[in-house]
Amino acid sequence: MRALTREVPDSFAKALCATPADVPIDVVTARAQHAVYRQLIASLGVDVKVLPAEHALPDSCFVEDTAVVVDKVALITRPGASSRQAEPQGVADALSKLERIYMQEPATLDGGDVMRLGKRLYVGKSARTNAAGIAELQRVFNNVTVIDMPRGILHLKCVCAPLGDDRITLADDTIPVRDFGSVDIVRVPAEEAYAANVLAIGSSVLVPSGFPRTRDALAAAGYSPLELHTSEFRKADGALTCLSIIY
Ligand code: CIR
């Protein structure tokens, strides 16, 4: 298993954010948190590749949004935010060993809106991911279920994340369970919704620190939670899955 990541740029304090935090992003701390993230993933046996920072692109460490990879095929996206549309090229170059398919205008899609469960994909129709983007995803990959995102949620995986092939986390009071069909759910309490974005690798699960109920629910469900700090990424509306492309 591989994880593609990109270093935090000097401009990260200017990353997009729906509600800017009172305390600005600290780029040095973000880099330290990113290093821990990479080390933890590597400690689980994943081959972690680190691309150099793209300093002109403040959100470029959130590589998840730039490509959807299933087996040997990478759909290179057109991110929904105009300031992010130059991000996919460098990621596409790094994925040159895969078959690359480039999304075409007017399609937009952020990888954070795509959740893969084994051979199934779920895609959130959001402010970033439009109908043409979803159609392109469906043309390239089989078995795609569309989920209408409630207003105010940036991406599908802001409120859920895969835990293997047939189980997900899901934050309470966000998306109806029935929208996902037959999957097991580990419920995340509404007040800990941010922690629904976990990164599962086998039975180990990276969980943002500071969300004890989510951590304990994952442990009770048989996973080994590994906590890490994500404060600086959260200030930019980012979380754990956003920082890598796992393939
Ligand atoms: C953005 O608004 O696009 C970034 N500041 C955050 C992107 C987070 N990515 C993700 O959830 N996949």
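The structure reproduced in this document is the subject of the present report. Quick caveat: nothing in here was measured; it's all calculated off a predicted structure. (Residues numbered from 1 in each chain as written. Predicted model: local features only at pLDDT ≥ 70, side-chain atom pairs only at ≥ 80, totals over all residues. Heavy atoms only, no water.)

### A look at the site of the ligand
- With respect to spatial proximity, 14 residues lie near the ligand, and among them Asp59, Glu64, Arg84, Arg128 and Ala236 are the closest.
- Within the contact set of the ligand, a nitrogen atom lies 2.7 Å away from a side-chain nitrogen or oxygen of aspartate 59.
- A distance of 2.9 Å separates an oxygen atom of the ligand from a polar side-chain atom of histidine 155.
- Here the ligand is seated within the second largest pocket.
- For the shell around the ligand, the per-class residue count stands at five nonpolar, three polar and six charged. (Near = heavy atom within 4 Å. Polar contact = N/O pair within 3.5 Å; in protein donor to acceptor, adjacent residues only side chain to side chain. 1 Å grid on protein atoms, 1.4 Å probe; cavity = no way out; pocket = protein on both sides within 12 Å on 5 of 7 lines; lining within 4 Å. Sits in = over half its atoms within 2 Å of the grid points. Nonpolar A, V, L, I, M, F, W, Y, C, P; charged D, E, K, R; others polar.)

### Thoughts on the pattern of salt bridges
- Summed over all chains, the structure comprises 16 salt bridges.
- Glutamate 54 is the salt-bridge partner of arginine 6, the closest N and O atoms lying 3.6 Å from each other. Linking arginine 6 in strand E1 (residues 2-6) with glutamate 54 in the loop between strand E2 (47-51) and strand E3 (67-70), this pair joins segments that are 48 residues apart in sequence.
- Among the ionic pairs, arginine 187 bridges to aspartate 172, the shortest N-O distance being 3.0 Å. (Salt bridge = Lys/Arg side-chain N within 4 Å of Asp/Glu carboxyl O. Helix = DSSP H or I, 4+ residues; strand = E, 2+ residues; numbered from the N terminus.)

### A short note on the layout of surface pockets
- In this model, the largest pocket occupies a volume close to 730 Å³.
- Taken together, 27 residues make up the lining of the largest pocket; nearest its centre are Arg116, Pro162, Ala200, Ile246 and Tyr247.
- Among the elements that make up the lining of the largest pocket, the one with the highest residue count is strand E6 (residues 114-117) (four residues).
- The residue inventory of the lining of the largest pocket, partitioned by class, reads 16 nonpolar, six polar and five charged.
- Of the voids in this model, the second largest pocket is the one considered here, and its volume is about 580 Å³.
- In this structure, the second largest pocket is lined by 27 residues; those nearest its centre are Leu154, Cys158, Tyr194, Asp237 and Gly238.
- A breakdown of the residues in the lining of the second largest pocket according to their chemical character gives 13 nonpolar, six polar and eight charged. (Points joined across faces, edges and corners; volume = space filled by probe spheres on them.)

### As for the pairing of E3
- Burial of the side chains of E3 extends over both faces: Ala67 and Val69 are buried on one face and Val68 and Val70 on the other.
- The sheet contact formed by E3 and strand E4 (residues 73-76) spans four bridges and is antiparallel. Bridged to alanine 67 within E4 is isoleucine 76. (Buried < 20%, exposed > 50% of the residue type's maximum accessible area, 1.4 Å probe, protein only. Pairing = 2+ DSSP bridges.)

### A look at helix H1 (residues 27-43)
- Between the first and last C-alpha of H1 there are 24 Å, a value that for 17 residues agrees with the 24 Å anticipated at 1.5 Å per step.
- Where H1 is buried, its residues touch E1, E2, strand E12 (199-201), strand E13 (204-208), strand E14 (224-228) and helix H5 (231-234).
- A distance of 3.0 Å separates the backbone nitrogen of valine 28 from a side-chain oxygen at the start of H1, and that oxygen is part of aspartate 26.
- Looking at the residues trailing H1, positive phi occurs at glycine 45, about 90°. (Expected span 1.5 Å × (residues − 1). Contact = heavy atoms within 4.5 Å.)

### Describing the environment of lysine 97
- Here lysine 97 lies in the loop between helix H2 (88-94) and strand E5 (99-102).
- With a relative accessible area of 79%, lysine 97 lands in the exposed category.
- Spatially, the C-alpha atom of lysine 97 lies 9.4 Å from that of valine 73, the residues being 24 residues apart in sequence.

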